[in-house]
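A look at the structure
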Amino acid sequence: MSDCLFCKIAAGEIPADVVYEDEQVLVFKDINPKAEVHLLIIPRQHIASLADIAEEHDELMAYMMRLLPRLAREQGLEHGFRTIINTGRGGGQEVFHLHLHLLGGSTLSGF
Ligand code: 5GP
Ligand code: ZN
């Protein structure tokens, strides 16, 4: 996906404040944080949104989920955190490369 912002970040073509990376995922700070801690977890593989997830992605999705509490601990969020996946225009998605938001720091307001 040559015109995808997050593919470019994953490829190192656009700089980002990366806090974790491995063969499957990249984790970096949101450029416009909505909380003291606001990370984005993306698969290296281009998947446009959660609406495009299929059985072949089961392992990857489980992997990203399991990474969340570990990242939260590393960010000092032992008391809790929030995860969000905006899906589609109606769900407020702006970047069409699947990403999980990890938010925390101060106590987050009710949803
Ligand atoms: P969405 O609304 O698609 O769920 O969230 C997209 C997020 O990506 C937003 O929170 C926005 O601040 C963040 N974002 C957009 N462009 C960039 C960028 O170039 N770098 C980083 N680090 N975050 C970005
Ligand atoms: Zn992409």
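Quick summary incoming for the structure in this document.

Let's talk about the site of ligand 1
Near ligand 1 lie 17 residues; those nearest to it are Lys-29, Asp-30, Glu-94, His-99 and His-101. Here a nitrogen atom of ligand 1 sits 2.9 Å away from a polar atom, N or O, in the main chain of Lys-29. Val-95 is positioned with one of its backbone polar atoms (N or O) 2.9 Å from an oxygen atom of ligand 1. Against a free-state accessible area of 520 Å², the protein chains account for coverage of 86% of ligand 1. Placement of ligand 1 is best described as lying within the largest pocket. Going through the elements one at a time, helix 1 (5-10) and strand 2 (25-29) are the ones with two or more residues in the shell around ligand 1. The greatest single-element share of the shell around ligand 1, amounting to 3 residues, is contributed by helix 1. Considered class by class, the residues forming the shell around ligand 1 number 7 nonpolar, 6 polar and 4 charged.

Here's the deal with the side chain of His-99
Along the polypeptide, His-99 turns up in the loop between strand 4 (82-84) and strand 5 (100-104). Residue His-99 is classed as buried on the basis of its relative accessible area of 7%. A polar side-chain atom of His-99 sits 2.7 Å from the main-chain carbonyl oxygen of His-97.

Quick word on the nonpolar core
Core analysis: the biggest nonpolar cluster contains 18 residues, and Val-27, Ile-41, Met-64, Leu-71 and Leu-102 have the highest contact counts within it. Every element with two or more residues in this core is listed here: strand 2, strand 3 (37-43), helix 2 (58-74) and strand 5. Looking at this core element by element, the count peaks at 7 residues for helix 2. Non-local contacts of Met-64, meaning those with residues more than four positions away in its chain, are made with Val-25, Ile-41, Ile-42, Pro-43, Leu-98 and Leu-100. With 10 residues, the next largest nonpolar core counts Cys-4, Phe-6, Ile-9 and Val-95 among its residues.

As for the layout of surface pockets
Here the largest pocket is characterised by a volume of approximately 420 Å³. The wall of the largest pocket is formed by 22 residues, among which Phe-6, Asp-30, Ile-31, Leu-40 and Val-95 lie closest to the centre. Of all the secondary structure elements, the ones that give two or more residues to the lining of the largest pocket are helix 1, strand 2 and strand 3. Here the element with the most residues in the lining of the largest pocket is helix 1; it accounts for 3 residues. Grouping the constituent residues of the lining of the largest pocket by class yields 10 nonpolar, 7 polar and 5 charged.

Some details on the pairing of strand 5
On a regular strand, one side chain projects to one face of the sheet and the next to the other, so that they alternate. Counting buried positions along strand 5 yields 5 of 5 residues, so the element is predominantly enclosed. Residue alternation in strand 5 divides its side chains into two sets, Leu-100, Leu-102 and Gly-104 and His-101 and Leu-103, and both sets are buried. Strand direction decides the pairing type here: strand 3 and strand 5, joined by 5 bridges, are antiparallel. Note on strand 5: the bridge partner recorded for Val-37 is Gly-104. Pairing geometry for strand 4 and strand 5, over 3 bridges, is antiparallel. When the bridges of strand 5 are listed, Thr-83 appears paired with Leu-102.

Parameters at a glance
Residues numbered from 1 in each chain as written. Chains lettered and ligands numbered in written order. Predicted model: local features only at pLDDT ≥ 70, side-chain atom pairs only at ≥ 80, totals over all residues. Heavy atoms only, no water. Near = heavy atom within 4 Å. Polar contact = N/O pair within 3.5 Å; in protein donor to acceptor, adjacent residues only side chain to side chain. Areas by Shrake-Rupley, 256 points an atom, 1.4 Å probe, with all protein chains shown as cover. 1 Å grid on protein atoms, 1.4 Å probe; cavity = no way out; pocket = protein on both sides within 12 Å on 5 of 7 lines; lining within 4 Å. Sits in = over half its atoms within 2 Å of the grid points. Helix = DSSP H or I, 4+ residues; strand = E, 2+ residues; numbered from the N terminus. Nonpolar A, V, L, I, M, F, W, Y, C, P; charged D, E, K, R; others polar. Buried < 20%, exposed > 50% of the residue type's maximum accessible area, 1.4 Å probe, protein only. Core = buried A, V, L, I, M, F, W, Y, C linked by side-chain atoms within 4.5 Å. Contact = heavy atoms within 4.5 Å. Points joined across faces, edges and corners; volume = space filled by probe spheres on them. Pairing = 2+ DSSP bridges.

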